[in-house]
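The lines below spell out each chain.
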Amino acid sequence: MTRTVSGARVLITGAAMGMGRLYAERAVAEGARTVILWDRDAAALTATAAILTERAGGSTQIAPYVVDIADLGAIAQTAQRVRTEVGNPDIVINNAGIVRGSFFWEHDNGDDTRATMQVNALAPMYITREFLPAMMRNPYRESRIVNIASAAGMLSNPRMSVYAASKAAVITWSDSLRLELAQQGFDHVRVSTIAPSYISTGMFDGARGPLLTPVMTPEYVVNRVWRAMLAGSPQLLMPWTVGFSKKLRGVLPLAAWDAVAGRVFGVYSSMDTFVGRR
């Protein structure tokens with residue numbers, strides 16, 4: 001699987017639009033056996049599935065499933081349908097996510113905080129748990145789990161408190177899972193943790209990239225993530241300033257880091273003009 005996903009079953013969450021759709025297009029282009037699309041937007045999912053089916057020309061099976069991944073029961077039921085109807089995926093890309101760009105006290109416990117944690121943090125765990133055992137049982141087939149986190153999970157930022165918490169959970173869970181699989185001899189299952197800064201998908205409309213950290217295009221990010229996934233890379237931070245900031249934060253006293261992040265790099269004001277997808 002170091003060069004292509006040809007012949008593999010690929011499951012993508014949040015697949016109806018944005019980067020999820022780009023991952024699906026990439027899988028079809030490389031001749032995946034089945035591309036399994038999960039999304040809660042039925043209309044967008046139907047439209048995307050139709051386009052991908054036409055592009056595949058019969059060489060790749062397109063399997064769309066309407067599912068709200070904030071609902072544990074819906075995940076379990078849909079996962080069972082996938083196993084029965086198309087088979088267990090070889091690759092799971094936990095791409096779906098939501099953001100609430102506001103101060104913590106402006107978050108509603110149900111509509112904002114709970115929803116963010118359910119979709120961003122718990123759903124990747126639930127979904128991976130559904131399909132991981134079958135991956136582990138077949139040592140002769142390479143498998144991949146790709147967890148899309150965020151640079152926000154590594155660096156605190158005003159107006160991102162709950163989102164940052166959800167992505168921090170993804171990062172620590174995902175990398176712990178990587179270590180557990182390696183420790184127990186399941187080297188054929190590779191876990192990649194992805195932590196990008198702002199991407200111009202509409203999800204972060206209005207956000208400004210910090211100093212030396214341009215807002216990245218979805219195409220650029222998908223290309224980098226895809227290469228990391230195929231190679232089984234354990235971690236991908238984008239752009240380079242994310243890794244640099246993480247190291248700098250580790251050596252500076254908190255007050256000094258706050259001054260550098262806030263006044264020099266502009267991290268702490270990057271969400272001031274956030275409007276999000278409308």
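Everything numeric here is computed off the predicted structure, so don't read it as measured data.

What counts as what
Residues numbered from 1 in each chain as written. Predicted model: local features only at pLDDT ≥ 70, side-chain atom pairs only at ≥ 80, totals over all residues. Heavy atoms only, no water. Helix = DSSP H or I, 4+ residues; strand = E, 2+ residues; numbered from the N terminus. Rg over C-alpha atoms; globule rule 2.2 N^0.38 Å. Buried < 20%, exposed > 50% of the residue type's maximum accessible area, 1.4 Å probe, protein only. Contact = heavy atoms within 4.5 Å. Areas by Shrake-Rupley, 256 points an atom, 1.4 Å probe, with all protein chains shown as cover. Lys, Arg positive; Asp, Glu negative; His and termini not counted. Charge placed at Lys NZ, Arg CZ, Asp CG, Glu CD. Pairing = 2+ DSSP bridges. Right-handed = clockwise from strand over helix to strand, strands pointing away. Phe/Tyr/Trp six-rings, centres within 6.5 Å; stacked < 30°, edge-to-face > 60°. Salt bridge = Lys/Arg side-chain N within 4 Å of Asp/Glu carboxyl O. Axes fitted to C-alpha atoms, helices over the stretch in contact; angles between N-to-C directions. 1 Å grid on protein atoms, 1.4 Å probe; cavity = no way out; pocket = protein on both sides within 12 Å on 5 of 7 lines; lining within 4 Å. Points joined across faces, edges and corners; volume = space filled by probe spheres on them. Nonpolar A, V, L, I, M, F, W, Y, C, P; charged D, E, K, R; others polar. Expected span 1.5 Å × (residues − 1).

Asker: Sorry if this is basic, but what is going on with the overall build of the protein chain here?
Answerer: On a plain count of helices and strands, the protein chain comes out with eight helices and seven strands. Radius of gyration (C-alpha) of the protein chain: 19 Å, near the 19 Å computed for a compact globule of 278 residues. Within the protein chain, the proportion of its 278 residues that are buried is 50%. In the protein chain, 73% of the contacts between residues at least 6 apart in sequence involve partners at least 24 apart. About 12700 Å² of surface is accessible on the protein chain, with carbon and sulfur atoms providing 54% of the total. Side chains of the protein chain carry 28 positive and 22 negative charges; the gap between the two charge centres is 6 Å.

Asker: How should I be thinking about the pairing of strand β3 (residues 61–66) in this particular structure?
Answerer: Working note: regular strand, side chains alternate between the two faces of the sheet. Bridge count between strand β2 (residues 34–39) and β3: six bridges; the pairing is parallel. In the sheet register, Leu37 faces β3, and the bridge partner there is Pro64. Between the parallel pair β2 and β3, the chain is carried across by helix α2 (residues 42–56), and the sense of this crossover is right-handed.

Asker: Looking at this model, I keep getting lost on the packing of aromatic side chains. Mind explaining?
Answerer: Each aromatic ring pair is described using two quantities: the centre-to-centre distance and the angle formed by the ring planes. In total, this model carries seven aromatic pairs according to the counting rule given. Ring centres of Tyr163 and Phe204 lie 5.6 Å apart, and the angle between their planes is 75°; on these two criteria the pair is classed as edge-to-face. Linking Tyr163 in helix α5 (residues 161–183) with Phe204 in the loop between β6 (189–196) and α6 (218–231), this pair joins segments that are 41 residues apart in sequence. Each member of the pair, Tyr163 as well as Phe204, is classed as buried. Linked through ring pairs, Tyr163, Tyr198, Phe204 and Phe274 together constitute an aromatic cluster.

Asker: Mind showing me how you'd approach the environment of Arg178 here?
Answerer: Mapping Arg178 onto the fold places it in helix α5. Overall, the relative accessible area of 27% leaves Arg178 in the partly exposed class. Between the alpha carbons of Arg178 and Met203 there is a distance of 28 Å; along the sequence they are 25 residues apart. Once residues lying within four places of it in the same chain are set aside, the contact partners of Arg178 are Val191 and Pro234.

Asker: How do you make sense of the pattern of salt bridges when you look at a structure like this?
Answerer: Any two side chains of opposite charge can pair, so long as their charged atoms come close to each other. Summed over the entire model, instances satisfying the criterion amount to 10 salt bridges. Of the charged contacts, one joins Asp90 and Arg141 as a salt bridge, the two residues approaching to 2.9 Å between their closest N and O atoms. In this pair, Asp90 sits in the loop between α3 (72–85) and β4 (91–94) while Arg141 sits in the loop between α4 (109–137) and β5 (143–148), placing the two residues 51 residues apart along the sequence. Taking the relative accessible area as the measure of exposure, Asp90 reaches 7% and is therefore buried. When the shortest N-O distance is used, the salt bridge between Arg178 and Asp175 registers 2.6 Å. Pair noted here: Arg178 and Asp175 are both in helix α5, with a separation of three residues, about one helical turn. One network of salt bridges, in which partners are shared, links Arg21, Glu25 and Arg55.

Asker: When you look at the sheet that holds β3 in this model, what are you seeing that I'm missing?
Answerer: Sheet strands line up and pair through hydrogen bonds in the backbone, either parallel or antiparallel. Spatially, the seven strands line up as an open sheet ordered β3-β2-β1-β4-β5-β6-β7, and their pairing is parallel. Strands with a single pairing partner mark the edges of an open sheet, and in this sheet they are β3 and β7 (235–238). Sheet twist, expressed as the average angle between the axes of neighbouring strands with direction ignored, equals 15°.

Asker: Got a minute to help me understand empty space enclosed by the protein in this structure?
Answerer: Any empty space left between the atoms is revealed when a probe the size of a water molecule rolls over them. All chains considered together, the criterion is met by one cavity of 30 Å³ or more. Of the volumes computed, that of the largest cavity is approximately 30 Å³. In terms of lining, the largest cavity is formed by Asn94, Ala96, Asn120, Pro124, Asn147, Ile148, Lys167 and Val170. Listing elements by their share of the lining of the largest cavity, those giving two or more residues are α4, β5 and α5. Residues that form the lining of the largest cavity fall into these classes: four nonpolar, three polar and one charged.

Asker: What's the story with the environment of Ala8 in this structure? I'm lost.
Answerer: With respect to the helices and strands, the residue Ala8 is situated in the segment before β1 (9–13). In contact with Ala8, not counting residues within four places along its chain, are Ala32, Arg33, Thr34, Asp90, Ile91 and Arg141.

Asker: Can you help me understand α5 in this one?
Answerer: Structurally, the α-helix is built with 3.6 residues per turn, so residues lying three or four positions apart point the same way. Between its terminal C-alpha atoms α5 stretches 33 Å, which fits the 33 Å expected from 23 residues at 1.5 Å a residue. Of the residues making up α5, those classed as buried are Val162, Tyr163, Ala164, Ser166, Lys167, Val170, Ile171, Trp173, Ser174, Leu177 and Leu181. Structurally, α5 contributes buried residues whose contacts are with α4, β5 and β6.

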